[in-house]
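Secondary and tertiary structure notes
One letter stands for each residue in the lines below.
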Amino acid sequence: MTNLGLPTEIQACLFDLDGVITRTAGLHAAAWKDMFDEFLKARFGQEFRPFDQADYDRYVDGRPRADGVRTFLASRGVELPEGTPSDPADADTVRRLAERKNELLLARIRQDGVQAYDDSLDYVRAVRGVPLRTAVVSSSKNCQAMLRAIGAEELFEVRIDGTVAEARGLPGKPAPDTFLAAAHELGVAPAACAVFEDALAGMEACRSGHFGYVVGVDRADQAADLRSHGADTVVEGLGALRETR
């Protein structure tokens, strides 16, 4: 293993954003809960079962917004029309619920700001200093703005985010396509890439994409689940990779 805690054959590092680089996973989870609880209460009345952390981890975390809406609602036996850009604000469509979640997220970001994990930024800088290639891979369409907010845009040579994926028609996690696209743009084979992820959907993407080394970042007390979904190692923060080499 290198002094970065990675196998010597690794040539590139692909980083998820929310929960790995930025402290925004909690903001996402809260926005999803606010949106889904409002919808479920209106649909099922006081008998509704609230959206909880297990729902977030299993059905939403790491997925593109619309996929998260579909996957969670399917778990509750609900199917909605896809919707169109002209949907009214109160429309019960996949598109409108996804937009409502993003509105709630952006409101929380305006209120609380965007914070980074300092040890993650230090780790990425160390990766660049080796030098290894770097990319950020995120389902978020707010990825570039968040990187700018924490002054980290220049740390990543390639950005494959929700906006890029939509433009290219790439399916999101748990499909491996966004990670594979990042590896391709860097000119590095998947087997020579390390991936850093905190979401179970991301773990599944890494496993099916046959990446060389998968680091599960445990921000939600789910180390066992990260391992069972494909992590080669699990850490609570990226700084631990340098401490335990």
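Everything discussed here concerns the structure shown above.
A few words now on the packing of aromatic side chains. Using the criterion set out here, one finds 10 aromatic pairs in the structure. Aromatic side chains Trp 32 and Phe 36 sit 5.4 Å apart centroid to centroid with 15° between the ring planes, which places their arrangement in the stacked category. Note that Trp 32 and Phe 36 are positioned in helix α1 (residues 25-44) at a spacing of four residues, about one turn of the helix. Taking relative accessible area as the criterion, Trp 32 reaches 3% and is therefore assigned buried. One aromatic cluster in this structure is built from Trp 32, Phe 36, Phe 51, Tyr 59 and Phe 72. Seen from the ring of Tyr 117, Arg 219 lies directly overhead, with NZ or CZ sitting 3.5 Å from the centre.

Attention shifts here to the packing of α1 against helix α2 (residues 53-60). α2 packs onto α1 with a crossing angle of 100° between their chain directions and a minimal axis gap of 10 Å. Judged by the angle between their axes, α1 and α2 are roughly perpendicular. For the pair α1 and α2, the contacting residues are Ala 25, His 28, Ala 29, Trp 32 and Phe 36 in the first and Gln 53, Tyr 56 and Val 60 in the second. Taken together, the residues of the contact of α1 with α2 sort by class into six nonpolar, two polar and no charged.

With that settled, the discussion passes to the environment of Ser 138. Residue position: Ser 138 is located in the loop between β2 (133-137) and α6 (143-149). Linking Ser 138 and Val 164, residues 26 residues apart in sequence, is a C-alpha distance of 9.7 Å. Excluding residues that lie within four positions of it along the chain, Ser 138 makes contacts with Asp 16, Leu 17, Asp 18, Cys 143, Ile 160, Asp 161, Gly 162 and Lys 173. Within the structure, Ser 138 has its side chain in polar contact with the backbone nitrogen of Ser 140 (distance 3.0 Å).

Bringing the pairing of β2 into the picture now. By the criterion of burial, β2 is predominantly enclosed, with four of the five residues buried. Across four bridges, the pairing between strand β1 (residues 12-15) and β2 is parallel. The partner of Phe 15 across the bridge, within β2, is Val 136. Relative to strand β3 (residues 158-160), β2 is paired through three bridges, and the arrangement is parallel. Considered in β3, the bridge of Val 137 is made with Ile 160. With respect to chirality, the unit in which β2 leads through α6 into the neighbouring parallel β3 is right-handed.

Procedures and definitions
- Residues numbered from 1 in each chain as written.
- Predicted model: local features only at pLDDT ≥ 70, side-chain atom pairs only at ≥ 80, totals over all residues.
- Heavy atoms only, no water.
- Phe/Tyr/Trp six-rings, centres within 6.5 Å; stacked < 30°, edge-to-face > 60°.
- Helix = DSSP H or I, 4+ residues; strand = E, 2+ residues; numbered from the N terminus.
- Buried < 20%, exposed > 50% of the residue type's maximum accessible area, 1.4 Å probe, protein only.
- Lys NZ or Arg CZ within 6 Å of the ring centre and 35° of its normal.
- Axes fitted to C-alpha atoms, helices over the stretch in contact; angles between N-to-C directions.
- Parallel < 35°, antiparallel > 145°, perpendicular 65-115°, else oblique.
- Contact = heavy atoms within 4.5 Å.
- Nonpolar A, V, L, I, M, F, W, Y, C, P; charged D, E, K, R; others polar.
- Polar contact = N/O pair within 3.5 Å; in protein donor to acceptor, adjacent residues only side chain to side chain.
- Pairing = 2+ DSSP bridges.
- Right-handed = clockwise from strand over helix to strand, strands pointing away.

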